[in-house]
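Survey of secondary and tertiary structure
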Amino acid sequence: MSRHLSRSLLALGLATALPAFAQSYDAHAGHDMAAPAKAPVDHSKMDHSKMDHSKMDHPAMGHEMPMTARSEPREPIPVPTDADRAAAFPHIDHGAMQHAPEINSLLLIDRLEHWDGRNGNGQAWEATGWIGGNINRLWLRSDGERSGSRTESSSLEALYGRSVSPWWDVLVGVRQDFRPADSRTWAALGIQGLAPYKFESSATLYLGSGGQVLAKAEVEYEVLLTNRLILQPVVEATLAAKDEPEYGIGRGLNKVETGLRLRYEFSRRFAPYIGISHERSFGDAADAAGDHARDTRWVAGVRMWF
């Protein structure tokens, strides 16, 4: 009796649970199964001309609508008035403007020094000045030397200079020697300027009486050790076409002078310096100079310009 009762209860429980189990299985199976994919739309076969695109939901279709530019600014640009134009373009009084003068001038005392050498001591100078414009100028050049309270040599040149390039001037004029012998006048033709690598160069040809021809060349360079401390080497050479013992001139290479000067620029206009120079005469000029044919000198002086 009890055995039959147990079997009956088990059968009744299974019958009750089967419908619920089947429903739960169907629900979970629905979640695991992927929804069928929609077939892709072939736009190439669609007649877009008959479609109303304004009523389509483009974001839902995966299309992005382009941003349309505004045809008008958010704040309208005001129309320029006469007052605006006057403020933007004021009247210029050219007569009240300060222009650079057409005529300028410069005086450079490159060397004003005292020297002390094997053959004595003395003073020397070399100066250059000009007045004029950017193209045409009047140049003045002077150099000389004193020893034993006596002027040993001095000269003055007056030259017309014309700029032939941004870096070079051609010079023509006269030179007047006052010492060492009787005064003498020369015709001068030369060129001066800034050679490549910033070498300041000059070369002048002098034509004197008696068929004498002199050529003088000078090259100098400035080495900036600091913005104010400057080392200046210089080389100067003179050549002559014929011998003139009375003037201390010999044919060929007549004289070479080399120097090295170190200056300190307290300002660009004023710079004291110290240095050393060496002079040597050659050929007949050396014979005429005798013991003074070669000399090494210590120098101290000042460089200034106005």
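Described in the following lines is the structure provided in the data block.

**A word on the nonpolar core**
Membership of the largest hydrophobic core is limited to 10 residues, which are Trp130, Trp139, Leu159, Leu171, Trp186, Ala188, Tyr206, Leu214, Ala240 and Ile249. Setting aside residues up to four positions removed in sequence, tryptophan 130 forms contacts with Asn104, Ser105, Leu106, Arg137, Leu138 and Trp139.

**Quick word on the pairing of strand 2 (residues 120–132)**
Two strands pair when backbone bridges link them, and strand 1 (residues 104–117) and strand 2 are joined in this way by 13 bridges, in the antiparallel orientation. Considered in strand 2, the bridge of glutamate 113 is made with alanine 124. Of the pairings in the sheet, the one linking strand 2 to strand 3 (residues 136–147) comprises 11 bridges and is antiparallel in character. From the neighbouring strand, tryptophan 125 faces strand 3, where its bridge partner is glycine 144. Between the antiparallel neighbours strand 2 and strand 3 lie 3 residues.

**Digging into the side chain of serine 154**
Among the secondary structure elements, serine 154 is positioned in strand 4 (residues 150–163). Here serine 154 falls in the buried class, since its relative accessible area comes to 13%. Contact partners of serine 154, with chain neighbours within four places excluded, come to Trp125, Asp143, Gly144, Gln176, Asp177, Phe178 and Arg179.

**Quick notes on unusual backbone geometry**
Positive phi is not limited to glycine here, since serine 149 has a value of about 60°. Tracing the backbone shows serine 149 in the loop between strand 3 and strand 4. Even without glycine at this site, lysine 198 takes up a positive phi of about 65°. Tracing the chain through its elements places lysine 198 in the loop between strand 6 (184–195) and strand 7 (199–208).

The rules behind the values
- Residues numbered from 1 in each chain as written.
- Predicted model: local features only at pLDDT ≥ 70, side-chain atom pairs only at ≥ 80, totals over all residues.
- Heavy atoms only, no water.
- Core = buried A, V, L, I, M, F, W, Y, C linked by side-chain atoms within 4.5 Å.
- Buried < 20%, exposed > 50% of the residue type's maximum accessible area, 1.4 Å probe, protein only.
- Contact = heavy atoms within 4.5 Å.
- Pairing = 2+ DSSP bridges.
- Helix = DSSP H or I, 4+ residues; strand = E, 2+ residues; numbered from the N terminus.

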